[in-house]
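# Coordinates in review
Listed below are the residues making up each chain.
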Amino acid sequence: MTTTTLTIPRIFDRPKSESGIWSWIGTVDHKRIGTLYGITAFIWFLVGGLEALLIRAQLAQADSEIISPETYNQLFTMHGTTMVFLVVMPMSAAFFNWFVPLQIGARDVAFPRMNALSYWLFLFGGILLNVGWFTGDSPNGGWFGYAPNSGITFNTGSGMTFWAIGLSVLGIASIAAGLNFIVTIFNMRAPGMSLFKMPVFTWMTLVTSILLVLAIPVIGVALIQIGTDRLYGTNFYNSLNGGDPVLWQHMFWLFGHPEVYILILPAMGIVSEVLPTFSRKPLFGYSFVIFSGIGIAFLGWFVWSHHMFTVGLGPAATSAFAISTMAIAIPTGVKILNWMATMVRGSIQINTPMLFSISFIAMFTIGGLSGVMHASAPSDAQQQDTYFVVAHFHYVLFGGALMAIFSGIYYWWPKMTGYMLNDRIGIGVWFLMLLGFNLQFAPMHWLGMDGMPRRIYTYSSDQGWESLNALASLGGLVLAIGILAFLFNVWYSRRNRIVAGDDPWNARTLEWSIPSPPPHYNFAEIPEVQYRDDFWYQKYPELLEHEDGHAPAPAGGQEDEAAHESHDEHDEHDGHGGIHLPDMSYYPFLAAAGVTLGMGGLMAGVWVIVLGSVIGMWGIMGWSLEPVNDPDPDVEH
Amino acid sequence: MAQQAITEYHAEANDPTYNTSTGLSNRKLLMWAFLASDVMFFGTFIATYLVYRNRSLVGPYPEDVLDIPITTVSTFVLLMSSLAMVLALHYVREGSKGPGRLWIGVTAFLGIVFLIFQVIEFQTFVNEGLTPRTNLFGTTFFILTGIHGTHVTIGVVWLLFLLYGHFKGTLRSDNALDLEIAGLYWHFVDIVWIVIFTIVYLVTAKDGAPPGAPPFIHHG
Amino acid sequence: MLSNLLPRFSRRNLLLLLVPAAVALIAGCATDNPQSTFDTAGPVAEDQANLFKLIFWIAVVVFVLVEGGIIWITLKYRRRSENEMPVQTHGNTKLELTWTFIPTLIIIAIAIPTVIAIWDLAEPPSDEPVMTVEAVGHQWWFEFRYPEEEIVTANELRVPVGKNVVVKLHSQDVIHSFWVPKLFGKVDMVPTRENELWFRADEPGVFFGQCAEFCGVAHALMRFRVIAEPEDDYEEWVAGMRRPPVSPTDGAQRGQTLFAANCSSCHSIDGHRAGTYQGEIALQDGRWDGWLADIENSRIVSAPNLTHFGTRLTLGAGIRDLDRQTLIDWIDDPGSIKPETRMQDHGALYQTSDKTANLSAEEVADIADYLLSLVPGEADAPPATGGGGTGGGDPVEIGRTAFAANCAACHNITSDTLVGPGLAGIGDRAGSTVSGLTAEDYIRQSIVEPGAFVVDGFGPVMPSFAWLSGDELNGLVAYLKTLN
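A quick note: this is a predicted structure, and the numbers were derived from the prediction, not measured. (Residues numbered from 1 in each chain as written. Chains lettered and ligands numbered in written order. Predicted model: local features only at pLDDT ≥ 70, side-chain atom pairs only at ≥ 80, totals over all residues.)

## Some words on the overall build of chain B
Counting its secondary structure elements, chain B contains seven helices and zero strands. Counted from the first residue to the last, chain B has its helices and strands arranged as α-α-α-α-α-α-α. Considered along the principal axes of its C-alpha atoms, chain B spans approximately 70 × 35 × 20 Å. Across chain B, every contact between residues at least 6 apart in sequence was considered, and the portion connecting residues at least 24 apart equals 80%. (Helix = DSSP H or I, 4+ residues; strand = E, 2+ residues; numbered from the N terminus. Contact = placed C-beta atoms within 7 Å.)

Structure below.
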């Protein structure tokens, strides 16, 4: 192995410990990083949920004065920002990190240290976004930050500047993670696993990653622009000097609509793993599901202006965007029918992950149907910015994305921890969440059609919205109890451990072929893949004979064989014969801390920028000069 | 079996026997994907510039400040740096120490010259009354070209590190991939400049005061 | 397992349950709710509701099929024994193409009426007469301008029943959205842009409107009314807006003076006077520019025109019914009704430690009485004094009257500073303030183009009064020169 003669002075030794806080700070193991993502995102989920509860408390009755208008505006701004950027995205990232390498038979992601960097940036960016709760000046311009209401003229506090900077840090994290998973999925598949033998979850990760890499720069630019407007007095969105508020909307939604698919495609991937497993049947129409996922991601770039039907685009543009938006219903419908067909004639095991996945289809369908109502622009003129829209996207993002994420948590928990989550309590959690969710959000359809606008901190009794709001708030309470029940389930299941074993669900994909929890190196031997759902056919080779024409893509294809052969050859080349895993490193943490401090310093002052730059440069220099593995026999397993 | 634990390090080593599913090195694929991301980044800034074309409420307007001949020279300098980059990669791959070193140095030097041109240009504009706060043209012009300048700066620093590594012997013909990836970035930044030059300095250079806005009068 | 807990629904029972649920869904919306989008009162809202209903019923069918299907499949194919192994179906291309094709047909069936409606609703029918009004969004109230009738009013838009109304939408600050659910779906009011919508009220009534785009702290309290009246009533209202108010008496009379001193630099009440329309718009722009020039210290903000305020139904942008006590509360402490109004944050009257009006309770009540007294006088009553443009008379007297009406809110004729500098001795100073300008030219230019010479220590907040009549300008100059 080549070693570099360049070193910079180490202040800390390279981390080696296997436990304790330093082992987490220095970790580059995709599973540990996945765990960090998951726990952090869940904490933000509780924070965002608390914000939602406060909103519901305020709206439970007319003319309520529980929360001041300013605080209310901060709450809904941070609820939206938190749930999108700090909960659903990183929850998906937790699953990407944990299961993409396992599903494709790899020992880690392509760039383990960059992976750690993504996590730390996510953590610090999230903290930056929430600094305002302690300074009393939280972001208050809405998660969509419409200019000029978010500009310095009409919003003089520091909140929206922290918002712009915090989201920029999160954006860097997302782009880095997206790049990492694109390379991982293209380059690190086990021999024989051609693209069309990959599990659907991995596929959806790939599509999501491509969306991230292409969409985040757009919001990044918009954030830089509003940030320089606020900090340095540029004119991008300063309407007094000719800046165009509608340009911000185009930028935000050109990012924002692909973002919607960034949130929902991983959920679709999770469901596409859970439904076949508990139906004991392959996914119906694998390629239809994959291509409709790609189709949704592609069409997602041509629909953004449906968020702007009331802005005054003119009838020609409105018609075009109405039609393109409706077109998305087609691949989405295909997916829903394929999932249902997967269950038809299956052997459906009814348990917590399955119930969550089934609920995903049911709730997502409702969100999809109300989505078509928005796509029809004249109809949308009455719905835009009302509680009907709030109902719609919560059916998509809670009923859809979060139901699938909970399905994923219950499904993969035994693999991640080695023990099962209690199924009886789990079904209770599912019931409370589904009930609470529908109680909370179904009435919002009525409220919207009865003319209740979004983002209002109060309403009068003469507007006629009291009883439905009270019902929605009650639903929120039930939902919150459901979340508490989930925490109880975790606590209970940890105390009363039921060991899971390698494959508790009789599942189909490679992650179930290794121990639970998986060893540090994942696969003692890198598997060689012959079929889609290879692990399933290893367990049931006799099923291969019952194939019905839609073969599970048997081995073959020159690419696979070539990869296979060179792989063998390569093994022989390996002098050690051991497993090399990247060593731990503090530098991603340092680099992320430096970047965050440097960017936060734009608000705090030049010395913080200098400090951040020094730490950041130290991290990046150390990183680029530090070998992935120290040439030390100790690292071999 | 072991080598499937693919890491950055293995890719850096440029081991010829090293394999990925696509056959492309991880880091090269990373750079290509990053450049796709960067295309969206610059594309959005350029789109902003074009959307705000002829929408400044006060001067100076492009025709009042832009100096095409001088920028043509700096553009030529940057183009030549790409040529130098090609030569540098060629010689480093070949293992020719002297020419390799020379052309890496020339590439970085030309990048620095371009940056000096940009700094002088910015100063001139500020003296003539155009800052990022003056009007929409100032805002979009400075941020767009400034972000590009930042990219060039990062490229120059990267090249200087590689040059140092070449002296120290950590950049050799067997890991010329390091330089190749830096080269991908460098050529991309160069291409972006061609687009910016075309749009800002050729297409919009003659834009004066839009209808309704006062003409710009030079003071002093 | 849960499957044992579930009652065994037959397929038919399930469907029977879902259909009434769907009917209840749409019936539940058709209440007498004041902002219901179903209880429509005009063609625009009706077309929009009809399109919604079309999609809704298609959605109900899909909903019943999919949700029913999911429940049915889950129950029917649940695992009966641990060892069962279903047939490993991987897909069926024909089937999948079919269910790609069917949604496509449904989407086309929705897209065609959608596109037709988009074009239909874009403009009012070209063969019918229209009236045009302008609506301007402010944080947090609506200004309405009738360019044909030359009326400016706020928060209550009066229109004749059965007439197509085109509303041109602007905003002076952030983005707002203009929406009356029973009459029309919303269109945004975007600064730097002009949008447009049209509607027609087919029945008389008071329709609730509300801002639908988040616009800052008091977004929830930015409401308005559309008052649709029979043509005759509407014409009578227009005629009333042209007549001076009845003369105030007692408290209201005291209130008039207090209003002039404390409120009139932001609020106009003279919209009934001919020729004030352009002036009011210029004043609003001037107030706005002045506010922007020095937001922290500005004591003048753009504010609702209060002409014939006594005829209004509501207060505070449609958030309270107008009555004397509410009005008193509002004048005393607007924040108790609506947080962070610009009136309270910036108005000179509210620069007190607790931000309440710098007036006694009686004075506040007097102002309220005065405002409530502002209703059109009898049609045959003589015009109020100080009518613009009436020639003749002593210029100094005309100037004195014009000063009281237009200037006294900000300028004192002693040397005390109100909003602007005190003007005592201006006649002596004026000639020597700017070299080369006579006293007369200096005063005139300061009125017409106030930005030209701003007195040290004051911001450039004064609007131009170029819209005053020639007599009034001459009078003002003459009057001010007498101040020694």
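## Thoughts on the domain arrangement of chain A
Residues and elements named next belong to chain A. By the assigned domains, chain A splits into domain 1 (1-27 + 583-637) and domain 2 (29-582). Of note, the centres of domain 1 and domain 2, computed from C-alpha atoms alone, are 30 Å apart. With 21 residues of domain 1 at the contact, the number on the domain 2 side is 26 residues. (Domains from an automatic or database assignment.)

## Here we look at the nonpolar core
V88(A), W120(A), L121(A), V169(A) and L183(C) are the most contacted members of the largest nonpolar core, which has 332 residues in total. Broken down by element, this core gets its largest block of residues, 21 residues, from helix α13 (residues 387-417) of chain A. Aside from chain neighbours lying at most four places away, what touches V88(A) is M83(A), L263(A), L397(A), A401(A) and L402(A). Counting 27 residues, the second largest nonpolar core, distinct from the first, contains F259(C), I300(C), L327(C) and Y370(C). (Core = buried A, V, L, I, M, F, W, Y, C linked by C-beta atoms within 7 Å. Buried ≥ 20, exposed ≤ 12 C-beta atoms within 10 Å, placed from the backbone.)

## What to know about the interface of chain A and chain C
Contacts between the two partners involve 84 residues from chain A, matched on the other side by 79 residues from chain C. For the side of chain A that touches chain C, the elements supplying multiple residues, two or more each, are α3 (69-103), α8 (245-279), α9 (286-299), α10 (315-343), α11 (352-375), α12 (377-383) and α14 (423-449) of chain A. Examining the composition of the side of chain A that touches chain C, we find that 16 residues originate from one element, α10(A), more than from any other. Of the residues contributing to the side of chain A that touches chain C, the split by class is 46 nonpolar, 27 polar and eleven charged. (Nonpolar A, V, L, I, M, F, W, Y, C, P; charged D, E, K, R; others polar.)

## Considering helix α6 (residues 250-262) of chain C
All names here are of chain C. An ideal rise of 1.5 Å per residue puts 18 Å on 13 residues; α6 measures up with 18 Å between its terminal C-alpha atoms. Three or more residues of α6 are buried, namely A252, G255, Q256, L258, F259 and N262. The inward-facing, buried residues of α6 contact α10 (361-373). (Expected span 1.5 Å × (residues − 1).)

## What about the pairing of strand β7 (residues 184-189) of chain C?
With six of its six residues buried, β7(C) lies for the most part within the structure. Between strand β6 (residues 176-180) of chain C and β7(C), which follow one another and run antiparallel, lie three residues. (Pairing = 2+ DSSP bridges.)

## Some words on the sheet that holds strand β8 (residues 195-199) of chain C
All names here are of chain C. Judged by pairing direction, the sheet is mixed, and its five strands sit side by side in the order β3-β2-β1-β5-β8 without closing on themselves. Only two strands of the sheet have a single neighbouring strand rather than two, namely β3 (151-154) and β8. Between one strand axis and the next, the sheet turns through 25° on average, direction left out of account. Where strand β5 (residues 164-171) and β8 come together, five bridges link them in antiparallel fashion. Bridge pairing links V167 to L197 in β8. (Axes fitted to C-alpha atoms, helices over the stretch in contact; angles between N-to-C directions.)

## Considerations on the sheet that holds strand β10 (residues 223-229) of chain C
Residues and elements named next belong to chain C. Across the sheet, three strands lie side by side as β4-β10-β9; this open sheet has mixed pairing. Looking at the sheet topology across the chains shown, the edges are occupied by β4 (156-160) and β9 (205-210). Between one strand axis and the next, the sheet turns by 25° as a mean value, whatever way the strands run. The pairing of β9 with β10 spans six bridges and is antiparallel.

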